[in-house]
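# An overview of the molecular structure
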Amino acid sequence: MESPDRAEIDHVLTPPLLRPGDKIRFVSPASPPDRDLVLRQAETLRGWGLEVDFGEHAFCKRDYLAGTDEERLTDFNAALRDPEVRAIFTTRGGKGSYRIADRLDFDAARRDPKFLVGFSDITILHLSLWKHCRQVGVHGALFIHGDEQDVSVETSDSLRLLVMTSEDIVIRSRPHEPTSALTTEGTVAGRLIGGNLDMVATAAGWALPDLHGAILLLEAVNMHRGQVDRQLTMLRKAGHLNDLAGIAIGQFTGFEFDRRFSVIDILREHLDTLGVPVLGGLPLGHGHSPLNVPIGATAVLDAKAGTLTIRRGDT
């Protein structure tokens, strides 16, 4: 499918907020989920007054994928096309969304925009929807960390605030997050685009939108330092990071930060060459009590104040 024309590019699709009684649907475009965890998330959403249902193949398993490509794509596109479904929640990330990201029903998304909620591997679906439709999505989820028993109140409240109210969203840097050491100075505004570094790199050349003037969000989990170095090198040398407004760094989880040359040093080497404000330490990603943030919305990054702010009237 061809990219949208100029008029469509100038228009941003911000899905309507959810209201009690609205239906949301869980789908699995990536890896197979833990059924019990998903059902616990569904109960939280029902507690908000929402109706919850599931894609036909939401709990399928085909090795590391939640069903075949066609099954996962069929469920996703069915949710995009169903007028009763007012938001699409992904059951998890993992692997596999990149296999179907170019085959979404973009016409359906333009006709009836609805929030896509997910992060990690789901980043590539957000990127593709932004590239083709300029649709705002939700980087985040009712994420339950492996050593936790339930969704944190902070995580749950941030998602409900985002999808059910029009209040401004302020994400504050956490000094104890290792990536807070990357913070520089300066204040910039731009569309917040990105998410998982692995998926931003995977999207380059086919699903990655133009990042000129954007605030690039990056988070990562369980990667080797060399992988981070290779991906950032490719993105820089291919010109994908030219003319960014700023960089928002979330949680880099599963890394050894006490090494002599840690992932923080690698990130600093690459980001310093870009010459834009950087705000690290943001609670966005796979770490403790991650928050939710709208991807595609206009954000203000204030490195000195340590805040990433989305004013809902400006989305």
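Our structure's up above, just so we're on the same page.
From a predicted model like this one, the values you see are computed outputs, not experimental measurements.

### Some remarks on the packing of aromatic side chains
As enumerated under the stated definition, the model contains 6 aromatic pairs in all. With a centroid separation of 6.3 Å and 50 degrees between ring planes, the pair formed by Phe255 and Phe257 is classed as tilted. A relative accessible area of 29% places Phe257 in the partly exposed class. Taken together through their ring pairs, the aromatic side chains of Phe26, Phe54, Phe59 and Phe89 make up a single cluster.

### Comments concerning the nonpolar core
Ile24, Leu45, Val163, Leu192, Val228 and Leu308 are the most contacted members of the largest nonpolar core, which totals 98 residues. Counting residues per element, this core draws most heavily on helix 5 (residues 123-133), at 6 residues. Leave out the neighbours within four places in its chain, and Leu192 touches Ile215, Leu217, Ala248, Val293, Pro294, Ile295, Gly296, Ala297, Ala299 and Leu308.

### Focus: the pattern of salt bridges
Going through the model one piece at a time under the given rule, you end up with 16 salt bridges. Here Asp82 ties to Arg25 by a salt bridge, and the two come within 3.1 Å at their closest N and O atoms. Linking Asp82 in the loop between helix 3 (69-81) and strand 3 (85-90) with Arg25 in strand 1 (residues 23-27), this pair joins segments that are 57 residues apart in sequence.

### Concerning helix 5
Of all 11 residues in helix 5, 10 are buried, a share of seventy percent or more. Once helix 5 finishes, Arg134 follows within two positions and takes phi at roughly 55 degrees, a positive value.

### Details of the sheet that holds strand 5 (residues 137-139)
Strand order in this open sheet of 6 strands is 2-1-3-4-5-11, and the pairing throughout is mixed. Among the strands making up the open sheet, the edge pair consists of strand 2 (51-54) and strand 11 (293-295). Strand-to-strand twist in this sheet, taken as the mean axis angle between neighbours without regard to direction, amounts to 30 degrees. Taken together, the 4 bridges between strand 1 and strand 2 define a ladder with parallel strand orientation. Considered in strand 2, the bridge of Lys23 is made with Glu51. Strands strand 1, strand 2 and strand 3 of the sheet are contacted by helix 2 (residues 35-47), whose axis makes an angle of about 155 degrees with strand 2.

### Focus on helix 3
An ideal rise of 1.5 Å per residue puts 18 Å on 13 residues; helix 3 measures up with 18 Å between its terminal C-alpha atoms. Within the span of helix 3, buried status applies to Asp69, Arg72, Leu73, Asp75, Phe76, Asn77, Ala79 and Leu80. On its buried side, helix 3 packs onto strand 1, strand 3, helix 4 (106-111), strand 4 (115-118) and helix 5.

### Quick look at the packing of helix 8 (residues 225-237) against helix 9 (residues 263-272)
It is at 10 Å that the axes of helix 8 and helix 9 come closest, and there the two elements cross at 10 degrees. On the basis of the axis angle, helix 8 is roughly parallel to helix 9. Contacts between helix 8 and helix 9 involve Arg225, Val228, Asp229, Leu232, Thr233 and Arg236 from the first element and Val263, Ile266, Leu267 and His270 from the second. Grouping the amino acids of the contact of helix 8 with helix 9 by side-chain chemistry returns 5 nonpolar, 2 polar and 3 charged.

Criteria and cut-off values
- Residues numbered from 1 in each chain as written.
- Predicted model: local features only at pLDDT ≥ 70, side-chain atom pairs only at ≥ 80, totals over all residues.
- Heavy atoms only, no water.
- Phe/Tyr/Trp six-rings, centres within 6.5 Å; stacked < 30°, edge-to-face > 60°.
- Buried < 20%, exposed > 50% of the residue type's maximum accessible area, 1.4 Å probe, protein only.
- Core = buried A, V, L, I, M, F, W, Y, C linked by side-chain atoms within 4.5 Å.
- Helix = DSSP H or I, 4+ residues; strand = E, 2+ residues; numbered from the N terminus.
- Contact = heavy atoms within 4.5 Å.
- Salt bridge = Lys/Arg side-chain N within 4 Å of Asp/Glu carboxyl O.
- Pairing = 2+ DSSP bridges.
- Axes fitted to C-alpha atoms, helices over the stretch in contact; angles between N-to-C directions.
- Expected span 1.5 Å × (residues − 1).
- Parallel < 35°, antiparallel > 145°, perpendicular 65-115°, else oblique.
- Nonpolar A, V, L, I, M, F, W, Y, C, P; charged D, E, K, R; others polar.

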